[in-house]
Amino acid sequence: MTSKRVSIHGQWSSRVAFILAATGSAVGLGNIWKFPYITGENGGGTFVLVYLVCIALIGIPIMMAEILIGRRGRQSPINTMATLAHEEQRSRGWVALGWMGVIAGFLILSYYSVIAGWALSYVFRTASGAFIGVTADGVSSLFGALVSDPERLLAWHTIFLVMTMIVVSRGVKHGLESAVRYMMPALLFLLLMTVAYSMTTGHFMQGLAFLFTPGKITGQAILIAMGHAFFTLSLGMGAIMVYGSYLPRGMSITQATFMIAIADTVVALLAGMAIFPIVFANGLEPAAGPGLIFKTLPLAFGHMEAGTLVGTSFFILLVFAAWTSAISLIEPAVAWLVENWGLSRINAAVWVGIVTWLLGLGTIFSFNIWEDKTWSIPFLFENKNFFDTLDFLTANVMLPLGGLFIAIFAAWLMRDSSTRDELNTRETVYRLWHFLVKYVTPVAVIIVFLNVIGVIHLK
Ligand code: PHE
């Protein structure tokens, strides 16, 4: 049975358009801001290895599952799950998967926007020459001055959210396709220039060794690596599903997935190679936390040839990368508001923007007045403030859980004829995919969870 449904929100104009949009969603702060700092906090080598294994064995198969579910349902993730559950004669309770994704999207965007605001502020700082010839201490104190000022953070957070809502209200297709087409290669180029600078620091090999030499790892770190594989590929919350729902039939999901995953991984590894040599060359702390790139990259830009130009362009592109991810975070909610409430995209974007803006206050205060307000959840984590809790619960709990349920639905509950028809790929590829989503992915996610809560002892 072939699904003839069409999306009321339109379609991508071509396969390339879809790949660009999905890559735009995947490549973002996760690659350039988060990957280096969590790698630094979790000791490097082994963490990176676990992350890469998770991309290959969990991320790629789940991405294929999410795209195929989206394309078959052709609606917001909530309604897609309702339709497919009905079609496959499964419980209507599966809409909960769509809901969890919508909630995760709000929560992630609320802090994503604050961090993107930091990047925005750094565009102006770099352009004004604030980093020319600066020392490591100088960069750190400039960063400290920014995050300790809630009013400035609020202003940038507001600006970034307004930018996001403008694009969202116009529909993801317009503007987005061309933005990604030119911005992504440019970002890659500037990242390569920064890596080239890192090679001149005399600590390049030390940086590489940190990234790629295996060492010790904890159960928590394994969870964080797995969670990051979901986060960086935009999986487990419906972003890729909703983008899949705009994908015309007959386009290969397998090929697109590989291209997106490779582009995403390359950007993350390059970011690591750019940053760690600078960390070691300046005696900085790899475990500096969320401020890591803001304390290291300005050093590179402050000392390289044409650093003001390179640095300013770099932060502009980082903002663009964050922008194209942010719109996908909120697209599941917007599509649902349009479908079920009959709102125009503009109204939907305004409502979503208001809720996200309010939630973002928690993250803003986490870096200043609420910095020391921390709590613990038994078995899960200790002493995390608002931002750290939000990050942990979304990336390391909600996204992997979402992925687990997507795998179960696609491989165990959908008829083989439906998934085969939708994936429409070579038999060996189909079989391998089915095996991975049916057994490997669910088992891996469950083992990592059980390990963290101490039911089993892996590490
Ligand atoms: N993948 C994006 C990044 O790496 C973040 C994101 C997560 C976007 C989940 C959409 C959904 O920055």
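Refer to the preceding data block for the structure.
My aim in this report is to walk through the structure given alongside it, one point at a time. Keep in mind the model is a prediction, meaning the values are calculated, not measured.

## Points about the packing of helix α3 (residues 45-73) against helix α16 (residues 386-413)
- It is at 10 Å that the axes of α3 and α16 come closest, and there the two elements cross at 65°. Compared by their axis directions, α3 and α16 come out roughly perpendicular. The hand of the α3/α16 crossing is left-handed. For the pair formed by α3 and α16, the contact residues are I62, A65, E66 and I69 on the first element and G403, I406, A407, F409 and A410 on the second.
- For the contact of α3 with α16, the residue count by class is 7 nonpolar, 1 polar and 1 charged.

## Considerations on the pattern of salt bridges
- Per the stated rule, a full pass over the model turns up 13 salt bridges.
- One salt bridge connects E422 with R71, and the closest N-O pair in it is separated by 2.8 Å. Here E422 is found in helix α17 (residues 416-423), whereas its partner R71 is found in helix α3, with 351 residues between them in sequence.
- Taking the shortest distance from any N to any O, the salt bridge between R249 and E422 comes out at 3.3 Å. With R249 in the loop between α11 (239-244) and α12 (253-281) and E422 in helix α17, the pair connects residues that are 173 residues apart, well separated along the chain.

## Notes on a nonpolar patch on the surface
- On the surface, F379, V443, I447, I453, V455, I456 and L458 cluster together into a nonpolar patch covering about 620 Å² of accessible area.
- Inspection of the secondary structure assignment puts V455 in the segment after α18 (427-452).
- When its relative accessible area of 55% is taken as the criterion, V455 is described as exposed.

## A closer look at the packing of aromatic side chains
- The full count for this structure, using the stated rule, is 33 aromatic pairs.
- Centroid distance F435 to Y439: 5.5 Å. Interplanar angle 50°. Geometry classified as tilted. Pair noted here: F435 and Y439 are both in helix α18, with a separation of 4 residues, about one helical turn.
- Residue F435 is classed as partly exposed on the basis of its relative accessible area, which comes to 44%.
- The exposure class assigned to Y439 is partly exposed, which follows from its relative accessible area of 38%.
- Positioned above the aromatic ring of W412 is the side chain of K438, whose terminal nitrogen or guanidinium carbon lies 4.6 Å from the ring centre.

## A few points about the site of the ligand
- Looking at the ligand, there are 15 residues lining it, with A26, G30, Y112, F231 and S234 nearest.
- Take F231: an N or O atom from its main chain is 2.8 Å from a nitrogen atom of the ligand.
- A distance of 3.1 Å is found between a nitrogen atom of the ligand and a backbone nitrogen or oxygen belonging to T232.
- Of all the elements in the fold, those that place two or more residues in the shell around the ligand are α1 (15-26), α2 (29-41), α10 (219-232) and α14 (307-341).
- A class-by-class count of the residues in the shell around the ligand yields 7 nonpolar, 8 polar and no charged.

## Comments concerning the nonpolar core
- One finds F18, I69, W118 and F294 to be the most contacted residues of the largest nonpolar core, which totals 172 residues.
- Not counting residues within four places of it along the chain, the set of residues in contact with F294 comprises W33, I115, W118, A119, Y122, V139, F143 and F315.

## What to know about the packing of α1 against α12
- α12 packs onto α1 with a crossing angle of 35° between their chain directions and a minimal axis gap of 9 Å. Crossing hand, α1 versus α12: right-handed. Each of R15, F18, I19, A22, T23 and A26 in α1 lies in contact with α12, whose residues at this interface are Q255, A256, M259, I260, A263 and D264.
- Of the residues that constitute the contact of α1 with α12, the class distribution is 8 nonpolar, 2 polar and 2 charged.

## Structural notes on empty space enclosed by the protein
- With the rule as written, the count across this model stands at 3 cavities of 30 Å³ or more.
- A volume near 120 Å³ is recorded for the largest cavity.
- Lining the largest cavity are 16 residues, and of these S25, Y112, F231, S234 and L329 lie nearest its centre.
- Residue assignment for the lining of the largest cavity shows that the elements contributing at least two residues are α1, α5 (95-127), α10 and α14.
- With 3 residues, α14 is the largest single contributor of residues to the lining of the largest cavity.

## Some thoughts on unusual backbone geometry
- Not every positive phi belongs to a glycine, and S234 is a case in point at roughly 60°.
- Of note, S234 is situated in the loop between α10 and α11.
- In this model, N424 sits at a positive phi of 45°, which is unusual for a non-glycine residue.
- Here N424 is to be found in the loop between α17 and α18.

Cut-offs applied
- Residues numbered from 1 in each chain as written.
- Predicted model: local features only at pLDDT ≥ 70, side-chain atom pairs only at ≥ 80, totals over all residues.
- Heavy atoms only, no water.
- Axes fitted to C-alpha atoms, helices over the stretch in contact; angles between N-to-C directions.
- Helix = DSSP H or I, 4+ residues; strand = E, 2+ residues; numbered from the N terminus.
- Parallel < 35°, antiparallel > 145°, perpendicular 65-115°, else oblique.
- Left-handed = near helix turned anticlockwise from the far one by under 90°.
- Contact = heavy atoms within 4.5 Å.
- Nonpolar A, V, L, I, M, F, W, Y, C, P; charged D, E, K, R; others polar.
- Salt bridge = Lys/Arg side-chain N within 4 Å of Asp/Glu carboxyl O.
- Patch = residues over 30% accessible without salt bridge, like charges linked within 9 Å, V, L, I, M, F, W, Y side chains within 5 Å.
- Areas by Shrake-Rupley, 256 points an atom, 1.4 Å probe, with all protein chains shown as cover.
- Buried < 20%, exposed > 50% of the residue type's maximum accessible area, 1.4 Å probe, protein only.
- Phe/Tyr/Trp six-rings, centres within 6.5 Å; stacked < 30°, edge-to-face > 60°.
- Lys NZ or Arg CZ within 6 Å of the ring centre and 35° of its normal.
- Near = heavy atom within 4 Å.
- Polar contact = N/O pair within 3.5 Å; in protein donor to acceptor, adjacent residues only side chain to side chain.
- Core = buried A, V, L, I, M, F, W, Y, C linked by side-chain atoms within 4.5 Å.
- 1 Å grid on protein atoms, 1.4 Å probe; cavity = no way out; pocket = protein on both sides within 12 Å on 5 of 7 lines; lining within 4 Å.
- Points joined across faces, edges and corners; volume = space filled by probe spheres on them.

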